[in-house]
Amino acid sequence: MDPELIRDCVHCGFCLPTCPTYVLWGEEMDSPRGRIHLMGQHVDGTPLTDAMAGHFDACLGCMACVTACPSGVRYDRLIEQTRAVVEREHVRRPDERAIRALVFALFPYRRRLRAMRLPMRLSRRLQPFLEQVHPSLGAMAELAPGVPRPVRLPPLVRARRRRRARVGLLTGCVQGEFFPQVNAATARVLALEGCDVVIPPRQGCCGALSLHSGREAEARGFARRTIATFERAGVDAVVVNAAGCGSSMKDYAEVLAGEPAWAARAEALRTRDLAEFLIELGPVAERHPLPVTIAYHDACHLAHAQGVRAQPRELLRAIPELELREVEESAVCCGSAGTYNLFQPEAARQLGDRKAERVLAAGADLLVSANPGCTMQIAASVRRAGKGEIRVAHTAEVLDASLRGLEPGMLGRSPQRMTPPRRRTR
């Protein structure tokens, strides 16, 4: 924990109303300034107690406080450093260690995750039993999305018009296995906007889950592999369609600060969120009308960590006949936060229920999210509220439907079916 970063906090309290756990519980030690106070105590020699570790574990790492802070406190760096200290010094209960070992042996590895898709989906029927075995297993069963048919992406998707850029596409772990249609839509949109899209077939995990959970060495290994993969691809930029992944990749230089050669290579790797990249590139493909009402959800690692808020809205508003509605408390986390809804399921459910209520109040036909974790979290929360299945789509899928003139009714309807939506008759 960096003492200089800790001293930047003047304990003004501007972060309090933006912090999801403080909003839920009203406890000072479960606010950013309270946690920073605990960090300072530890730096000054106070041993890391179970209670102290519990307050750090309860933080979602949503970075809403970073957006709100008038003093520019780097809470994002502080909580990552602190979690690494917790992982080194705190002795967890055997059941916690087992659950964490399961999650990190499964989710960053696509082949293992692929093998678990159907069992995870079927486990929803066993959720009450799994909940009794361990709350994290119950949460895993509740969050499991539909099982999609695989989508084979070629190593190169050629630009559909004059080539304007050559980009790499990060396919991701959860995105690639549970929402492959999002990657397919992303590649099509980029190609229609004049990009050659390079999709390295053996790319691995970017390291986001490891980085956000204090597993520093593991995160650095994933980062080095990802950098090398896209360097070999020879691309102008790496386009990412999952908020958590994009946030982590933009932090690679800091993650690898102790390895100057790798940090320099990380700096040279131009990482862009899909919406950010498309706005910078500028539109050339025709937008066809898409008569649908959309509620846009701000993923925390897109809005707060990357500062990408206006770009997705600009892209959506440029589609003829599309109506965009805002979700109340859009800056408050939905409770997904990477692995948070697995390790802190009760707090995550409280936040998910709060978010689902506000999403449904928007009265839109479709919810648009730019992060797979948010998609699963909000969909599970809506089911838990007894409201059935909510239609959720990624920004890329909405753009894809508009650019290709497809029927809006199939958007977000059934992610497990990969049959292309019908083209509208004119």
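Please refer to the structure placed before this passage.
Residues numbered from 1 in each chain as written. Predicted model: local features only at pLDDT ≥ 70, side-chain atom pairs only at ≥ 80, totals over all residues. Heavy atoms only, no water.

K.L.:
Give me the lowdown on the overall build of the chain, citing residues and values where you can.
P.N.:
Tallying secondary structure elements over the chain gives 24 helices and nine strands in all. Its C-alpha atoms give the chain a radius of gyration of 21 Å, near enough to 22 Å, the size a compact globule of 426 residues would have. Across the 426 residues in the chain, those meeting the buried criterion constitute 58%. Residue pairs at least 24 apart in sequence account for 75% of intrachain contacts in the chain once pairs closer than 6 positions are excluded. Carbon and sulfur atoms make up 52% of the accessible area of the chain, which totals about 18100 Å². A distance of 10 Å separates the average location of the 59 positive side-chain charges in the chain from that of its 47 negative side-chain charges. (Helix = DSSP H or I, 4+ residues; strand = E, 2+ residues; numbered from the N terminus. Rg over C-alpha atoms; globule rule 2.2 N^0.38 Å. Buried < 20%, exposed > 50% of the residue type's maximum accessible area, 1.4 Å probe, protein only. Contact = heavy atoms within 4.5 Å. Areas by Shrake-Rupley, 256 points an atom, 1.4 Å probe, with all protein chains shown as cover. Lys, Arg positive; Asp, Glu negative; His and termini not counted. Charge placed at Lys NZ, Arg CZ, Asp CG, Glu CD.)

K.L.:
Got a sec to walk through the packing of aromatic side chains? Specific residues and values, please.
P.N.:
Per the counting criterion, the structure on display carries two aromatic pairs. Ring centres 6.0 Å apart and planes at 40° place the aromatic pair F104 and F343 in the tilted group. Note that F104 is positioned in helix α7 (residues 94-106) and F343 in helix α21 (residues 340-343), a separation of 239 residues in sequence. Across the pair, exposure class does not vary: F104 and F343 are buried alike. Positioned above the aromatic ring of F343 is the side chain of R100, whose terminal nitrogen or guanidinium carbon lies 4.2 Å from the ring centre. Geometry around F104 places R215 over its ring, the cationic atom sitting 4.2 Å from the centre. (Phe/Tyr/Trp six-rings, centres within 6.5 Å; stacked < 30°, edge-to-face > 60°. Lys NZ or Arg CZ within 6 Å of the ring centre and 35° of its normal.)

K.L.:
Lay out the environment of V392 with the relevant residues and their values.
P.N.:
Note that V392 resides in strand β9 (residues 392-393). Residues V392 and V133, spaced 259 residues apart in sequence, show a C-alpha to C-alpha distance of 30 Å. Setting aside chain neighbours within four positions, we find V392 in contact with L366, L367, S369, T375 and G412.

K.L.:
So what's going on with the pattern of salt bridges? Which residues, and what values?
P.N.:
For the structure shown, the criterion picks out 39 salt bridges. Residue E254 is joined to R74 by a salt bridge in which the shortest nitrogen-to-oxygen separation is 3.3 Å. Separated by 180 residues along the polypeptide, E254 in helix α16 (residues 252-255) and R74 in the loop between α5 (64-68) and α6 (75-89) bring together distant segments of the chain. What makes E254 partly exposed here is its relative accessible area of 33%. Two residues, E218 and R215, come together in a salt bridge whose shortest N-O distance is 2.8 Å. What makes E218 partly exposed here is its relative accessible area of 23%. Through salt bridges with shared partners, a single ionic network connects D57, E87, R92, R93, D95, E96 and R100. (Salt bridge = Lys/Arg side-chain N within 4 Å of Asp/Glu carboxyl O.)

K.L.:
Go over the nonpolar core with me, naming the residues and quoting the values.
P.N.:
Ranked by internal contacts, the top residues of the largest apolar core, which has 58 residues, are L190, V197, F277, I294, L322 and V398. Here this core gets six residues from one element, more than from any other, and that element is helix α12 (residues 180-192). One finds L5, V73, V85 and V86 within the second-largest nonpolar core, a separate group that totals 22 residues. (Core = buried A, V, L, I, M, F, W, Y, C linked by side-chain atoms within 4.5 Å.)

K.L.:
Break down the sheet that holds strand β3 (residues 195-198) for me, citing the residues and quoting the values.
P.N.:
The sheet built from five strands is open, its strands ordered β1-β3-β2-β4-β5 with mixed pairing. For this open sheet the edge positions go to β1 (156-157) and β5 (271-273), each flanked by a neighbour on one side alone. Judged from the two bridges that link them, β1 and β3 form a sheet pairing that is antiparallel. Paired with L156 across the strands is V198, a residue of β3. Those strands touched by helix α15 (residues 243-250) are β2 (165-170), β4 (237-240) and β5, and its axis lies near 155° from that of β5. (Pairing = 2+ DSSP bridges. Axes fitted to C-alpha atoms, helices over the stretch in contact; angles between N-to-C directions.)

K.L.:
Describe the pairing of β3, listing the residues and the values that go with them.
P.N.:
Burial along β3 is two-sided: the residues C195 and V197 and D196 and V198 are all buried. Relative to β3, β2 runs parallel, the two being bridged by four bridges. Across the sheet, the residue bridging to R166 is D196, located in β3.

K.L.:
Break down a nonpolar patch on the surface for me, with residues and values.
P.N.:
Residues L126, F129 and V133 make up a contiguous nonpolar surface patch of roughly 300 Å² in combined accessible area. Note that L126 resides in the loop between α8 (110-122) and α9 (127-133). (Patch = residues over 30% accessible without salt bridge, like charges linked within 9 Å, V, L, I, M, F, W, Y side chains within 5 Å.)

K.L.:
An account of the sheet that holds strand β7 (residues 322-326) is requested, with residue identities and associated values reported.
P.N.:
Pairing between the strands of a sheet comes from backbone hydrogen bonds, and it takes one of two forms, parallel or antiparallel. Overall, parallel pairing links the four strands, which are arranged β7-β6-β8-β9 in an open sheet. The open sheet terminates on both sides in strands that have one partner only, identified here as β7 and β9. The sheet contact formed by strand β8 (residues 366-368) and β9 spans two bridges and is parallel. When the sheet's bridge partners are listed, L367 is paired in β9 with V392.

K.L.:
Talk me through the pairing of strand β6 (residues 292-296); I want residue IDs and the actual numbers.
P.N.:
Burial of β6 is extensive: five of the five residues sit out of reach of the surface. Burial of the side chains of β6 extends over both faces: V292, I294 and Y296 are buried on one face and T293 and A295 on the other. Bridge analysis of β6 against β7 gives five bridges, and the strand direction is parallel. From the neighbouring strand, T293 faces β7, where its bridge partner is E323.

K.L.:
Residues and numbers for the packing of helix α18 (residues 274-281) against helix α20 (residues 310-317), please.
P.N.:
Each pair of packed helices gets described by two things: the angle between the helix axes and the distance between those axes. In contact at an axis separation of 8 Å, α18 and α20 are set at 65° when each is read in the N-to-C sense. Considering how the two elements wind past one another, α18 and α20 form a crossing that is left-handed. Side by side, α18 and α20 meet where A275, E276, L278 and I279 of the first sit next to Q311, P312, E314 and L315 of the second. For the contact of α18 with α20, the residue count by class is five nonpolar, one polar and two charged. (Left-handed = near helix turned anticlockwise from the far one by under 90°. Nonpolar A, V, L, I, M, F, W, Y, C, P; charged D, E, K, R; others polar.)

K.L.:
For unusual backbone geometry, give the residues involved together with the corresponding values.
P.N.:
Positive phi is not limited to glycine here, since E329 has a value of about 55°. On the accessibility criterion, E329 (27% relative accessible area) is partly exposed. For A337, which is not glycine, the phi torsion reads 50° and is therefore positive. Tracing the backbone through its elements, the reader meets A337 in the loop between β7 and α21.

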